[in-house]
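# A closer look at the structure
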Amino acid sequence: MRAVIFGASGRLGRSVVHAFADMTVTGTAFSRSTSGLATVDATAADDIERLLGRDQPDVVVNCVGERRPAVWAGAPAQARDRNVDAARLIAEAARRCGARFLHISSDYVFDGKTPPYRPGSLPNPVNTYGRWKLLAEEAVRAACPDAAILRLPVLYGPVQFAAETNLTEIARQVGAGARVELDDVCVRYPTHADEAAEVCRLIAGALLHGQHLGTVAHWSAEQGFTKYQMARLIARRFGLSADHIRAGEADAVSGDRPIDCRLDCQDLPAALHPARRRLFHAEFPPVVEPWLLPARPATS
Ligand SMILES: NC(=O)c1ccc[n+]([C@@H]2O[C@H](COP(=O)([O-])OP(=O)(O)OC[C@H]3O[C@@H](n4cnc5c(N)ncnc54)[C@H](OP(=O)(O)O)[C@@H]3O)[C@@H](O)[C@H]2O)c1
């Protein structure tokens, strides 16, 4: 079996490549091109067609996206293209080459006012990123009606730079010691990227066996935390002071962050649940430790 993973240089894509190790995998990168990854602009139809024409994959996974608020604000057209156009172009190309297609979406398609959200719950994004993720879902459905769409909450795992995930950025702030206020209202469900990737592999397997899943699936860790709670947890675990961190409500009062987008995962068939649920309390210490002291190098 052959798989093409678009966005393989990203936080989720790196885990997805590992989870698909039983297949012949081509991973793609854009700015973070390293050996072993194909450089592809996923907003350019020709690039995508060329790669899929060459590889003739059985399954395609789209982990391309732009989730950095600074880019949404500074280069909105580019960020929109990465979230919406790339999804449409990859879906069209996957259908044309006869591959099964899995697209990654986000809990931010919901407004966060009435959790939990099932796959059939009505999306109502409150910010631009959520609207793009919803537009991408619609484009994928139109271009490739058999595609599977997996919505995920905030992810964590080993990173290449602190700001690559919310959790490691919070760890950096705990370690840096400068006064900072962190939101203590909006609840997130940090989910290990390897666990999410395992679900991607299981869904791909089901697609390849012709199993009908329904278009949209949800996966999420069960435990919720605010950013402030995560900071306190990190400080306590490593015996650090958290006196410089104050509880605030900046994300909640801004109006563009959903309060609680808890995803209900019970519609996903039990056979597609990962073999091991990764518990946040057990998994977060080695992920954050390299970022508590700014001078210490990252592990991956
Ligand atoms: N991380 C989360 O907390 C989270 C939560 C829910 C859903 N999601 C969704 O999951 C997906 C993956 O997220 P992630 O966290 O892994 O994102 P990420 O770490 O920012 O990675 C994004 C990927 O997209 C690639 N990319 C960006 N622009 C591209 C372009 N023009 N052409 C080709 N590739 C391009 C990047 O390549 P380079 O880095 O090489 O430029 C990278 O591989 C996204 O759809 C995101 O919305 C993420």
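Okay, so let's go over this structure. (Residues numbered from 1 in each chain as written. Predicted model: local features only at pLDDT ≥ 70, side-chain atom pairs only at ≥ 80, totals over all residues. Heavy atoms only, no water.)

### What about the overall build of the protein?
Put simply, the rule is: Helix and strand definitions here come from DSSP, where helices need a minimum of 4 consecutive H or I residues and strands a minimum of 2 consecutive E residues; each element is numbered from the N-terminal end. Radius of gyration: C-alpha atoms only; globule rule: 2.2 Å multiplied by the number of residues to the exponent 0.38. For every residue, the accessible area obtained with a 1.4 Å probe (protein chains only) is divided by the maximum for its type, and the residue is called buried under 20%, exposed over 50%, and partly exposed between those limits. Residue contacts are counted whenever heavy atoms from the two residues lie within 4.5 Å of one another. Under the convention used here, a 1.4 Å probe and the Shrake-Rupley method define accessible areas, while residue burial counts only the protein chains that appear. A residue counts as positive if it is Lys or Arg and as negative if it is Asp or Glu; His and the chain ends are not included. Here the site of a charge means NZ on Lys, CZ on Arg, CG on Asp, or CD on Glu.
Scanning the protein for helices and strands turns up ten helices and eleven strands. By the compact-globule yardstick of 19 Å for 300 residues, the protein fits well, its C-alpha radius of gyration being 19 Å. Projected onto the principal axes, the alpha-carbon positions of the protein cover approximately 55 × 40 × 40 Å. Here the protein holds 300 residues, and 53% of them are scored as buried. Of all intrachain contacts in the protein linking residues separated by at least 6 positions in sequence, the fraction that spans at least 24 positions is 77%. For the protein, the exposed area adds up to about 13100 Å²; of that, 51% sits on carbon and sulfur atoms. The protein carries 35 positive and 34 negative side-chain charges, and their two centres are separated by 2 Å.

### A look at the side chain of T165
To keep it simple, the criterion reads: Identification of polar contacts relies on pairs of N or O atoms within 3.5 Å, with a donor-acceptor requirement for protein atoms, meaning one able to donate a hydrogen and the other able to accept it, and with residues adjacent in sequence counted only if both atoms are side-chain atoms.
By secondary structure assignment, the location of T165 is in the loop between β7 (155-156) and α6 (166-176). Classification of T165 by relative accessible area gives buried; the value is 5%. A distance of 2.5 Å separates polar atoms of two side chains, one belonging to T165 and the other to T168. Those residues within four positions of T165 in sequence are excluded, and the remaining contacts are R11, L155, Y156 and V159.

### Regarding the site of the ligand
Keep this limit in mind: A single heavy atom is enough: if one lies within 4 Å of a molecule or strand, its residue is considered near that molecule or strand. When residues are grouped by polarity, Ala, Val, Leu, Ile, Met, Phe, Trp, Tyr, Cys and Pro land in nonpolar, Asp, Glu, Lys and Arg in charged, and all others, Gly among them, in polar.
Looking at the ligand, there are 28 residues lining it, with S9, S31, R32, R67 and Y129 nearest. At 2.6 Å, a side-chain N or O of S31 approaches an oxygen atom of the ligand. Contact between the ligand and V64: an oxygen atom at 3.3 Å from a main-chain N or O atom of the residue. Coverage of the ligand by the protein amounts to 94% of the 890 Å² it exposes when considered alone. Only α1 (11-19), β5 (100-106) and α5 (128-143) provide two or more residues apiece to the shell around the ligand. Per-element accounting of the shell around the ligand gives the leading share, three residues, to β5. Considered class by class, the residues forming the shell around the ligand number 14 nonpolar, eight polar and six charged.

### Some thoughts on α5
Each full turn of the α-helix corresponds to 3.6 residues, which orients residues three or four apart in the same direction. Stated formally: A helix is expected to reach a length of 1.5 Å times the quantity of its residues less one.
Taking 1.5 Å per residue, 16 residues should reach 22 Å; α5 reaches 22 Å between its end C-alpha atoms and fits that length. All buried positions along α5 are accounted for by Y129, G130, W132, K133, L134, A136, E137, A139, V140 and A143. On its buried face, α5 sits against α3 (69-74), α4 (76-96), β5 and β6 (148-152).

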